[in-house]
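Here is what each chain is made of, one letter per residue.
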Amino acid sequence: MQSARNALLATLLLSSLSATARADFDTDLASFKGRLFATFVAGGGNDYAVYVLASKDGSSWEVIRKFDKKAAAQSIVNIAPRFTFGPDGHLMLSCAAFPKGLSVWATKDGKQWDQVKDLVRPTCQLQNGSQVVNFSPDTRLVWDNKTAFYCRTGGICGEGGTVQIYSSQDGAEFGRHMDWMSPGGNDDYYDTTLLKTDSQLLCLTTTKYAAKLGRSKAPFKDWKWNEVVPAIRKPNLQQLPEGRLIVSAAINQGGLRHALFELDANTGKLRELRRI
């Protein structure tokens with residue numbers, strides 16, 4: 001399928017750009033209103049900016065928006081931009097806007113982008129009272145009908161890593177939906193991404209040494225977790241139009257490198273498609 005091929009090519013382009021600029025995968029891709037939209041981060045220190053690009057063919061790209069500190073109401077840093085589609089069909093872009101939480105923009109036509117609302121970071125305390133440290137957000141909002149989901153990961157001193165998923169009926173006020181604590185380990189969970197497919201919610205989370213994939217069907221309370229093989233870092237998860245799950249990630253095999261993989265959601269196994 002030509003659109004799937006263009007999406008893969010664009011993902012390769014963005015991954016290469018991100019690996020060169022910041023050595024991680026602060027990029028994302030979406031197809032909307034007959035065009036491909038890409039986003040990436042550029043900058044340094046406490047002054048990052050999020051750029052949005054558009055293309056009709058996946059080959060020629062133009063910058064259409066730049067979100068910096070002024071656009072995000074004087075946030076210190078804008079990182080980890082992610083696209084999602086709201087329940088009204090709008091294309092949405094969310095990014096971490098420290099120190100306040102998330103900044104979210106939406107567009108009806110891909111041309112005019114309006115800031116929706118700044119989401120304040122939820123508490124980092126587990127339901128059992130444990131305090132979570134080194135907490136980092138996944139900035140992708142995913143929707144099931146009109147319910148939005150948002151994920152955070154972190155480490156609990158002496159007890160292990162944890163994944164927290166929050167839900168919201170309006171995309172603004174979020175409440176605790178699920179806690180999952182990694183058994184038998186004390187690694188912090190550094191990078192996590194959510195994806196909603198037709199049948200389930202997927203949560204791909206990684207540490208320095210391992211990766212796990214969680215799967216759950218509505219109402220997304222009961223989760224099954226598999227080891228992801230091989231272990232990866234800095235993942236981004238996309239579903240192509242024909243249903244294939246594509247992961248762009250870093251892998252440490254004789255040194256850190258970047259690649260595209262196809263993910264089997266039932267087993268957690270990755271098949272490498274191409275080195276970047």
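I will try to describe carefully the structure that is included in this document. Every value quoted in this text rests on a predicted model; they were computed, and no experiment measured them.

**Some points on unusual backbone geometry**
Next up, step 1: For the bond running from Ala218 to Pro219, omega is 10°, close enough to zero to count as cis.
Next up, step 2: Take Pro219: it is sitting in the loop between β15 (211-216) and β16 (224-227).
Next up, step 3: For the bond from Val229 to Pro230, the omega torsion is -5°, close enough to zero to count as cis.
Next up, step 4: Its identity is not glycine, yet Lys33 carries a phi of approximately 55°, on the positive side.
Next up, step 5: In this structure, Lys33 sits in the loop between β1 (27-32) and β2 (35-44).
Next up, step 6: Backbone geometry places Phe220, a non-glycine residue, at a positive phi of 65°.
Next up, step 7: As for its placement among the helices and strands, Phe220 is situated in the loop between β15 and β16.

**A closer look at the environment of Asn266**
Next up, step 1: With respect to the helices and strands, Asn266 occurs in the loop between β19 (256-263) and β20 (270-275).
Next up, step 2: Residue class for Asn266 comes out exposed when judged on its relative accessible area of 55%.
Next up, step 3: With 40 residues separating them along the chain, Asn266 and Asn226 place their C-alpha atoms 8.3 Å apart.
Next up, step 4: The residues contacting Asn266, other than those within four sequence positions of it, are Arg215 and Asn226.

**Some points on the sheet that holds β16**
Backbone-to-backbone hydrogen bonds join strands into a sheet, with any given pair of strands oriented parallel or antiparallel.
Next up, step 1: Read from one edge of the open sheet, four strands run β13-β14-β15-β16, paired in antiparallel fashion. Looking at the sheet topology across the chains shown, the edges are occupied by β13 (191-196) and β16. With direction set aside, neighbouring strand axes in the sheet form an average angle of 20°.
Next up, step 2: Relative to β16, β15 runs antiparallel, the two sharing four bridges. Across the sheet, residue Leu213 finds its bridge partner in β16, namely Asn226.

**Things to note about the packing of aromatic side chains**
Next up, step 1: Throughout the structure, instances matching the rule amount to seven aromatic pairs.
Next up, step 2: Ring pairs connect the aromatic residues Phe32, Phe37 and Phe85, which therefore count as one cluster.

What counts as what
- Residues numbered from 1 in each chain as written.
- Predicted model: local features only at pLDDT ≥ 70, side-chain atom pairs only at ≥ 80, totals over all residues.
- Heavy atoms only, no water.
- Helix = DSSP H or I, 4+ residues; strand = E, 2+ residues; numbered from the N terminus.
- Buried < 20%, exposed > 50% of the residue type's maximum accessible area, 1.4 Å probe, protein only.
- Contact = heavy atoms within 4.5 Å.
- Pairing = 2+ DSSP bridges.
- Axes fitted to C-alpha atoms, helices over the stretch in contact; angles between N-to-C directions.
- Phe/Tyr/Trp six-rings, centres within 6.5 Å; stacked < 30°, edge-to-face > 60°.

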